[in-house]
Amino acid sequence: MIYLYSHENLRRWNRGELKVQINVPDQTRPLGWCDGTDEDEEELRSIAEAEDVENLPIQKRILKTGRELWTVGHPPEPWVEEF
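From a predicted model like this one, the values you see are computed outputs, not experimental measurements. (Residues numbered from 1 in each chain as written. Predicted model: local features only at pLDDT ≥ 70, side-chain atom pairs only at ≥ 80, totals over all residues. Heavy atoms only, no water.)

A. Focus on the overall build of the protein. Counting its regular elements, the protein contains 2 helices and 5 strands. In the protein, the succession of α and β elements from N to C terminus is β-α-β-β-α-β-β. Projected onto its principal axes, the C-alpha coordinates of the protein cover approximately 50 × 25 × 25 Å. For the protein, the residues scored as buried account for 30% of the 83 residues in total. Restricting the contact set of the protein to residue pairs at least 6 apart, pairs at least 24 apart contribute 48%. Working note: accessible area of the protein is about 6300 Å², and carbon and sulfur atoms make up 49% of it. Of the charged side chains in the protein, 10 are positive and 18 negative, and the gap between their average positions amounts to 13 Å. (Helix = DSSP H or I, 4+ residues; strand = E, 2+ residues; numbered from the N terminus. Buried < 20%, exposed > 50% of the residue type's maximum accessible area, 1.4 Å probe, protein only. Contact = heavy atoms within 4.5 Å. Areas by Shrake-Rupley, 256 points an atom, 1.4 Å probe, with all protein chains shown as cover. Lys, Arg positive; Asp, Glu negative; His and termini not counted. Charge placed at Lys NZ, Arg CZ, Asp CG, Glu CD.)

See the structure below:
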């Protein structure tokens with residue numbers, strides 16, 4: 001199950017109750033948290049498909065504590081002004 005960002009869920013992450021923090025590139029606040037199951041990954045992909053995103057990339061990094069950071073999506077393209 002995906003737990004979207006809230007102060008209560010942030011406290012749960014800080015206490016070690018949640019295993020995975022879900023981040024988005026160039027965002028300072030996490031998208032949310034989950035337990036790291038295959039069902040959680042499928043739920044993220046279905047949310048992305050509902051927003052017309054195909055082939056959602058998920059980068060996973062395991063921390064020394066055993067918890068994980070998942071970064072979903074592509075970094076934004078640099079803005080180039082054309083004259």
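Okay, back to it.
B. Spatial organisation of the layout of surface pockets. In this structure, the largest pocket spans a volume of roughly 250 Å³. In terms of lining residues, the largest pocket is bounded by 16 residues, among which Leu-31, Ala-48, Glu-51, Leu-56 and Val-72 are the most central. Within the lining of the largest pocket, the residues separate by chemical class into 11 nonpolar, 3 polar and 2 charged. (1 Å grid on protein atoms, 1.4 Å probe; cavity = no way out; pocket = protein on both sides within 12 Å on 5 of 7 lines; lining within 4 Å. Points joined across faces, edges and corners; volume = space filled by probe spheres on them. Nonpolar A, V, L, I, M, F, W, Y, C, P; charged D, E, K, R; others polar.)

C. Region of interest: the pairing of strand E2 (residues 20-23). Residues Val-20 and Ile-22 of E2 are buried on one face, and the alternating residues Gln-21 and Asn-23, pointing to the opposite face, are buried as well. The pairing of E2 with strand E3 (residues 32-34) spans 3 bridges and is classified as antiparallel. Pairing of Val-20 across the sheet is with Cys-34, part of E3. Here E2 pairs with strand E5 (residues 68-72) via 4 bridges, running parallel. Paired with Gln-21 across the two strands is Leu-69, which belongs to E5. (Pairing = 2+ DSSP bridges.)

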